[in-house]
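Here's the letter readout for the chains.
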2 protein chains.
Amino acid sequence: MVTMKDVGKAAGVSAMTVSNVLRGNDNVAPDTARRVREAADRLHYRLNTTSLSARSLRVNTSRKASGSRTIGLAIFELDRPYPAQLASLISQTAEERGYQTVVQQTRIDEHNERSIIERMSNQFCDGLIFSSSRLSADEIEQLSNHRPTVLLDDDRPQQDIDTILTPSESGSQAAIEYLYSQGARRIGIVGGNPDERTDVPLLETYHDARHRRLLGCRRAFHRLGLTWSEDRIITTAWGDVDARRAIHEQEAKVRDCDALYCMTDTIAFGVLRGLHDIGVRVPEDMRVMSFDGIAMGALTVPALTTVAVDIELIATQAVDLLIRRIDDEPNLGRQRITVGYHIERRESA
Amino acid sequence: MVTMKDVGKAAGVSAMTVSNVLRGNDNVAPDTARRVREAADRLHYRLNTTSLSARSLRVNTSRKASGSRTIGLAIFELDRPYPAQLASLISQTAEERGYQTVVQQTRIDEHNERSIIERMSNQFCDGLIFSSSRLSADEIEQLSNHRPTVLLDDDRPQQDIDTILTPSESGSQAAIEYLYSQGARRIGIVGGNPDERTDVPLLETYHDARHRRLLGCRRAFHRLGLTWSEDRIITTAWGDVDARRAIHEQEAKVRDCDALYCMTDTIAFGVLRGLHDIGVRVPEDMRVMSFDGIAMGALTVPALTTVAVDIELIATQAVDLLIRRIDDEPNLGRQRITVGYHIERRESA
DNA sequence: CTGAAAGCGCTAACAT
DNA sequence: ATGTTAGCGCTTTCAG
């Protein structure tokens, strides 16, 4: 990197004179100024904004510590539509508020998350938005150096960090009830995999998105007088291709249903295709519904009926809350905001 | 502003010890650590990111090999499948190589790109991957402080920066020829919008992706003896919803075609749905083909026949090339790598 | 007119 | 286990 010192050396003057020339101070001899400018051009000198802000700490102590105005966003998978759309919206919202966003992909890996949060917070972010963390509140607090942090969709009760919540439970309950109202009685759940560890049943206290969606389903089943059975669960990883394969491989189970509720829209894309493959018509033979409300759902054939969450609101709430924390607003208690949803009625159910 | 010194004074230790505690270094007595943390909480201490970046200048420049091992990726739109998938793959590849990736969304905005490249290079990246830049090579060179940079899909001839190219031209040519071989004679181009500025025709010298894809189409038309006409171009923004609307609004033009070549898979998703809306069957009445090869294309009904570019290779080439630059490999001339493609034959053509 | 010195907040390297 | 020193790129201050 070329510094003012370098330019000065090349022009036979001190860094100070270079500074004066480049900032347009008029206390420099015209000839010296010209030489400096030439040297700067030749060496492709660029003012280093970082050091400028370092200085400004000293000069402008009155002003509120305006840091780098950067938000860090850690998100699990950029190649799935929902997180990608969320990242995009958060980035746009932050931009409107005068913040830059840097996104990092965690791939739901604990070690990864740790190193990301460590680097992000230690290095260049005024605040963090963290989606689907594997880490405990304590650890996040620690690693982030008490830096402002907003969690997305993480509702473990011990958390003492601001959180924006997706209406997983109420939305899923509404979905099942909607399917019931359409006449469905044998409703399958796609992607509602039981926990690998059998000691973690559907506790009210353990709340990742899948868990909460299942909880909502169970509640609806109970209210509607339907019997809940693991036989109605079509297990699959949460990817579109995985879901299609799951339909093929669990065809018997599928054919015993008259409706399928998919844990995400992405899963539903694979399900729609899988059902097409095995000759099941939607919605005539099988109603299909899902959760998320991503834009692409309007374009499938048939178009997807879905629990559309207010994803823009998630983005704006997360960003605004984080900025309030960064600005160190006093008397702002811990926030837990659940955004709304509506049933987007389209063709598949 | 509360500094580490302040916290130290309150806790009866030096700033250095505060730093050690807050960064989780374990060389501090538990009791001291507790006192420091209490003082930090009481005074509402916040790590100052600005000074960190100032420091990192030193760290980065002093020892090349032990830089921050971070790659910056600037990409235009995270909410479209192709760039999202690319970002995801680059991130994974970099991780395998021991680098972290931070992604920033540019939204194809010149001002945005400028500030991103400036911040990234000044602050925390060992190298930059830049997709679809609006800036000139000179400016990129300047802004990045001559930091290692790889461009994606930017082939303006004056560029003197490493570039990984998508086979836009040859792939598009192959697509048209494939459609022709299937019997299509009246081929429409969706998203091949003519330039707004009429003084920028299909020059061989101006090469963004759209331009190069159009060039490939024209070449194929010429070779096959088909007449090229603007009447065959269905204009649309490059989004799925836009494309669907374009089919509706330009229905007459559409119905005069026996095949449609879409500039991206995303456009094709909208087109498939649009054709369904107006009762045109694919592939019976209309063959549809597109460019990119994103995974979702296998799941539409009908599944999409597409020019599948080797997107994983784009990611690995970009990352590996950048890392070679970061490691300052000598005698490595400017690279311009075009990745391969194949025609992924599925149902739509 | 020009430059040397000091210092912004923080941390790597070294010293105690 | 804790502290001291030095220095990142720049600009304010003040001395030549």
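What counts and what doesn't
- Residues numbered from 1 in each chain as written.
- Chains lettered and ligands numbered in written order.
- Predicted model: local features only at pLDDT ≥ 70, side-chain atom pairs only at ≥ 80, totals over all residues.
- Heavy atoms only, no water.
- 1 Å grid on protein atoms, 1.4 Å probe; cavity = no way out; pocket = protein on both sides within 12 Å on 5 of 7 lines; lining within 4 Å.
- Points joined across faces, edges and corners; volume = space filled by probe spheres on them.
- Nonpolar A, V, L, I, M, F, W, Y, C, P; charged D, E, K, R; others polar.
- Core = buried A, V, L, I, M, F, W, Y, C linked by side-chain atoms within 4.5 Å.
- Buried < 20%, exposed > 50% of the residue type's maximum accessible area, 1.4 Å probe, protein only.
- Domains from an automatic or database assignment.
- Pairing = 2+ DSSP bridges.
- Helix = DSSP H or I, 4+ residues; strand = E, 2+ residues; numbered from the N terminus.
- Salt bridge = Lys/Arg side-chain N within 4 Å of Asp/Glu carboxyl O.
- Contact = heavy atoms within 4.5 Å.
- Phe/Tyr/Trp six-rings, centres within 6.5 Å; stacked < 30°, edge-to-face > 60°.
- Lys NZ or Arg CZ within 6 Å of the ring centre and 35° of its normal.
- Buried area = accessible area lost by both parts, 1.4 Å probe.

Looking at this structure, how should I read empty space enclosed by the protein?
Rolled over the atoms, a probe with the dimensions of a water molecule shows which regions are left empty. Going through the model one piece at a time under the given rule, you end up with one cavity of 30 Å³ or more. In this model, the largest cavity occupies a volume close to 150 Å³. Taken together, 14 residues form the lining of the largest cavity, with A:Thr300, A:Val301, B:Leu299, B:Thr300 and B:Val301 sitting closest to its centre. Taken together, the residues of the lining of the largest cavity break down into ten nonpolar, two polar and two charged.

Looking at this model, I keep getting lost on the nonpolar core. Mind explaining?
One broad rule of soluble globular proteins: the nonpolar side chains tend to lie buried together. Judged by nonpolar contacts, the single largest core of 148 residues is most densely connected at A:Tyr261, A:Leu275, B:Tyr261 and B:Leu275. Among the nonpolar cores identified, the runner-up in size contains 16 residues, and B:Ile116, B:Cys125, B:Leu128 and B:Ala137 belong to it.

Honestly, the domain arrangement of chain A in this entry has me stumped. Any pointers?
One frequently used descriptor of interface size is the decrease in accessible area upon assembly of the parts. Taken as a whole, chain A is organised into domain 1 (4-51), domain 2 (58-150 + 311-330) and domain 3 (168-309). With centres defined by C-alpha atoms, the gap from domain 1 of chain A to domain 3 of chain A works out at 66 Å.

Just checking my understanding: could you explain the sheet that holds strand β8 (residues 259-262) of chain B for this structure?
Backbone-to-backbone hydrogen bonds pair the strands of a sheet. The strands run either parallel or antiparallel. Residue and element names in this part refer to chain B. The strand order across the open sheet built from six strands is β7-β6-β8-β9-β10-β12, with neighbouring strands paired in mixed fashion. Edge positions in the sheet fall to β7 (233-234) and β12 (341-344), since each has one partner strand and no second. Relative to β12, strand β10 (residues 305-309) runs antiparallel, the two being bridged by four bridges. Looking at the pairing, Ala 308 lines up with His 342 of β12.

Sorry if this is basic, but what is going on with unusual backbone geometry here?
Trans is the common state for peptide bonds, and a negative phi is the common state for residues other than glycine. Residues and elements named next belong to chain A. The step from Val 301 to Pro 302 runs through a cis peptide bond, and the omega angle for that step is -5 degrees. Inspection of the secondary structure assignment puts Pro 302 in the loop between β9 (287-292) and β10 (305-309). Phi at His 44 is positive, roughly 55 degrees, even though this residue is not glycine. His 44 sits in the partly exposed class, given a relative accessible area of 35%.

I'm lost on the pattern of salt bridges in this one. Help?
If the charged atoms of two oppositely charged side chains come close together, the side chains can form a pair. All names here are of chain A. Evaluated as defined, the whole model comprises 40 salt bridges over all chains. As a salt-bridge pair, Arg 34 and Asp 31 come within 2.7 Å of each other at their nearest N and O atoms. With Arg 34 and Asp 31 both in helix α3 (residues 30-42) and three residues apart, the pair spans about one turn of that helix. We classify Arg 34 as partly exposed; its relative accessible area is 40%. One continuous salt-bridge network, built from bridges that share partners, spans Asp 31, Arg 34, Arg 35 and Glu 38.

I'm lost on the side chain of B:Thr306 in this one. Help?
You can see B:Thr306 is positioned in strand β10. Beyond its immediate sequence surroundings of up to four residues, B:Thr306 is in contact with B:Asp265, B:Met289, B:Ser290, B:Phe291, B:Asp292, B:Gly293, B:His342, B:Ile343, B:Glu344 and B:Arg346.

What is the right way to read the packing of aromatic side chains from this model?
Where two aromatic rings form a pair, the distance of their centres and the angle of their planes describe that pair. All names here are of chain A. Taken as a whole, this structure holds two aromatic pairs over all chains when the rule is applied. Note on Phe 221 and Trp 228: the rings are 5.1 Å apart at their centroids and 80 degrees apart in plane angle, and the pair reads as edge-to-face. Just above the ring of Tyr 180 sits the side chain of Arg 185; from NZ or CZ to the centre is 3.6 Å.

Which parts of the structure should I look at to understand the interface of chain B and chain A?
Contact residues are listed per partner, giving 60 residues for chain B and 65 residues for chain A. Carbon and sulfur atoms make up 51% of the surface buried where chain B meets chain A, a total of about 5600 Å² over both sides. Contact with chain A buries surface across chain B, with B:Arg46, B:Arg273 and B:Leu299 losing the most and accounting together for 12% of the total. Where chain B meets chain A, there are two salt bridges. Here A:Arg273 ties to B:Glu347 by a salt bridge, and the two come within 2.6 Å at their closest N and O atoms.

Help me understand the pairing of strand β3 (residues 127-131) of chain A in this model?
Consecutive side chains of a regular strand alternate in pointing toward one face of the sheet and then the other. Residue and element names in this part refer to chain A. Within β3, five of the five residues are buried, which leaves the element mostly enclosed by the surrounding structure. Neither face of β3 is left uncovered, since the one carrying Gly 127, Ile 129 and Ser 131 and the one carrying Leu 128 and Phe 130 both have all their residues buried. The sheet contact formed by β3 and strand β4 (residues 149-152) spans four bridges and is parallel. Paired with Ser 131 across the strands is Leu 152, a residue of β4.

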